[in-house]
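# Structural characterization, general
Below, each chain spelled out in residue letters.
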Amino acid sequence: MTATGATTTPVLETKELVAGYLPGVNILNGCSIVANQGDLIGIIGPNGAGKSTLLKAVFGQVSIREGSVLLNGDDITGLKADRLVSKGVGMVPQNNNVFPSLTIEENLEMGLFQEPKMFKERFEFVGALFPELVKRRKQRAGSLSGGERQMVAMGRALMMDPAVLLLDEPSAGLSPVRQDETFLRVAEINSHGVTIVMVEQNARRCLQIAHRAYVLDQGKDAYTGTGREMLNDPKVIQLYLGTLATDVEEKARTSATETVGPTPEVATTTAPPLAAEEPKAP
Ligand SMILES: Nc1ncnc2c1ncn2[C@@H]1O[C@H](COP(=O)(O)OP(=O)(O)O)[C@@H](O)[C@H]1O
Ligand SMILES: [Mg+2]
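Quick summary incoming for the structure in this document. Predicted model, so just to flag it, every value in this text is computed and none were measured. (Residues numbered from 1 in each chain as written. Chains lettered and ligands numbered in written order. Predicted model: local features only at pLDDT ≥ 70, side-chain atom pairs only at ≥ 80, totals over all residues.)

What follows covers the overall build of the protein. Counting secondary structure elements, the protein contains twelve helices and ten strands. Taken over 282 residues, the protein has a buried fraction of 38%. Contacts in the protein between residues far apart in sequence, at least 24 positions, make up 69% of those at least 6 positions apart. (Helix = DSSP H or I, 4+ residues; strand = E, 2+ residues; numbered from the N terminus. Buried ≥ 20, exposed ≤ 12 C-beta atoms within 10 Å, placed from the backbone. Contact = placed C-beta atoms within 7 Å.)

This brings us to helix H7 (residues 176-191). With 16 residues, H7 extends 23 Å from end C-alpha to end C-alpha; this agrees with the ideal 22 Å at 1.5 Å per step. Inspection of H7 places Arg178, Thr182, Phe183, Val186, Ile189 and Asn190 among the buried residues, and these make up the whole buried set. The arc that holds every buried residue of H7, seen down its axis, measures 140°, which confines them to one face. Within H7, the exposed residues directed more than 90 degrees away from the buried face are Leu184, Glu188 and Ser191. Along its buried surface, H7 packs onto strand E3 (40-44), helix H4 (119-129), helix H6 (146-158), strand E7 (164-168), strand E8 (195-199) and helix H8 (203-209). At the exit of H7 stands Gly193, carrying a positive phi of roughly 95°. (Expected span 1.5 Å × (residues − 1). Arc of directions from axis to C-beta.)

The residue Gln37 is located in the loop between strand E2 (28-36) and E3 in this model. For the pair Gln37 and Leu12, spaced 25 residues apart in the sequence, the C-alpha separation amounts to 8.5 Å. Each residue touching Gln37, except ones within four places of it in the same chain, is listed here: Thr7, Thr9, Val11 and Thr195.

For the rest of this paragraph, the subject is unusual backbone geometry. Of note, Asn72 is a non-glycine position whose phi angle comes to about 50°, a positive value. Within the secondary structure, Asn72 sits in the loop between strand E4 (64-71) and strand E5 (74-75). Positive phi, close to 50°, is recorded for Glu169, a residue that is not glycine. Relative to the assigned elements, Glu169 resides in the loop between E7 and H7.

Another point: the pairing of E4. Bridge count between strand E1 (residues 10-19) and E4: six bridges; the pairing is antiparallel. Each bridged residue has a counterpart across the sheet, and for Thr14 the counterpart in E4 is Val69. Across two bridges, the pairing between E4 and E5 is antiparallel. Across the sheet, the residue bridging to Leu71 is Asp74, located in E5. Counting the residues in the hairpin turn of E4 and E5 gives two residues, including Asn72, whose phi is positive at 50°. (Pairing = 2+ DSSP bridges.)

Here we come to the pairing of E7. Buried residues dominate E7, accounting for five of its five residues. Covered by surrounding structure in E7 are Val164, Leu166 and Asp168 together with Leu165 and Leu167, the residues of both alternating faces. Inspection of the sheet shows strand E6 (residues 89-92) paired to E7 by four bridges, in the parallel sense. Bridge pairing in E7 links Met91 to Leu166. In the sheet, E7 pairs with E8 via five bridges, with the strands oriented parallel. Note that in E8 the partner of Asp168 across the bridge is Val199.

This next bit is on the nonpolar core. Grouped together as the largest cluster of nonpolar side chains are 68 residues, with contacts concentrated most on Ile41, Ile43, Leu166, Ile196 and Met198. The contacts of Ile43, once residues within four sequence positions are left out, are Lys51, Leu54, Val197, Met198, Val199, Ala213, Tyr214 and Leu216. (Core = buried A, V, L, I, M, F, W, Y, C linked by C-beta atoms within 7 Å.)

The next subject is the sheet that holds E8. The strand order across the open sheet built from six strands is E6-E7-E8-E3-E9-E10, with neighbouring strands paired in mixed fashion. Edge positions in the open sheet fall to E6 and strand E10 (220-226), since each of these has one partner strand only. Pairwise comparison of adjacent strand axes, ignoring direction, gives a mean angle of 20° for this sheet. Docked against the sheet, H6 engages E6 and E7, running at close to 165° with respect to E6. Helix-sheet contacts for H7 involve E3, E7 and E8, and the interaxial angle to E8 is about 155°. (Axes fitted to C-alpha atoms, helices over the stretch in contact; angles between N-to-C directions.)

Everything listed here is a matter of coordinates, which is why it stays silent on function.
Set out below in structure tokens:
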């Protein structure tokens, strides 16, 4: 074990993955990543680099043409999603990741459809991570804010006690405050020993919490290093963070000096805290 809780025992490995959707068009072009037990791995890179495709290939949703995927050393290349879930791969896709007409509790039950007897024990674990979900277990997921749905989706994937949790852009579409909260939640889940591979378009925040990260470029792992190394690597900054870093810092400066009250972005996407939404006693 290192100080971060990460180890050197590989849990998930992709080896030189080549995969794509259309015949003759490869999106992944020899992509290799390793997530060790306890790791929080970040995957960053430009739009269209193949980040989502990498997670989909691991999760049996894109056909793999060459290369392999290993889980705890076992070859799981090309297995279907339900087999992968039972073997310990948890996936939270970017969109449509909850059943809106079902309650929070029913969504979590769906996560355990393969092992319904484990419900009580797993609900306790997930409930300790997301106490808000327990309080509102009878509420329909469709009535929740984006950030809350993200928690339900992560909670559902955690019900099966996955060996590795794959997250596709958990902060996408959330207000800055909810994004921060989501990154803290992800780090907290990881601190309980869950190995995580997280794809993020918010590269800076991702690198701030990731033990290690990969830059994906045109379907290939172009760079890797610790989150901190990557944040300070001139090559990575120049090629992949440069614009973003200046944008973020510039935005922070202007909003600190100019804005009074919430920005439109915050105003339209921020939901009140969960507790505040509960009916108040007269
Ligand atoms: N279902 C699909 N069918 C065909 N091409 C797709 C499909 N999904 C994604 N692609 C293509 O694959 C490439 C990588 O997409 P994606 O993995 O979603 O990138 P990222 O997540 O890094 O933004 C893009 O060129 C995209 O147009
Ligand atoms: Mg994507």
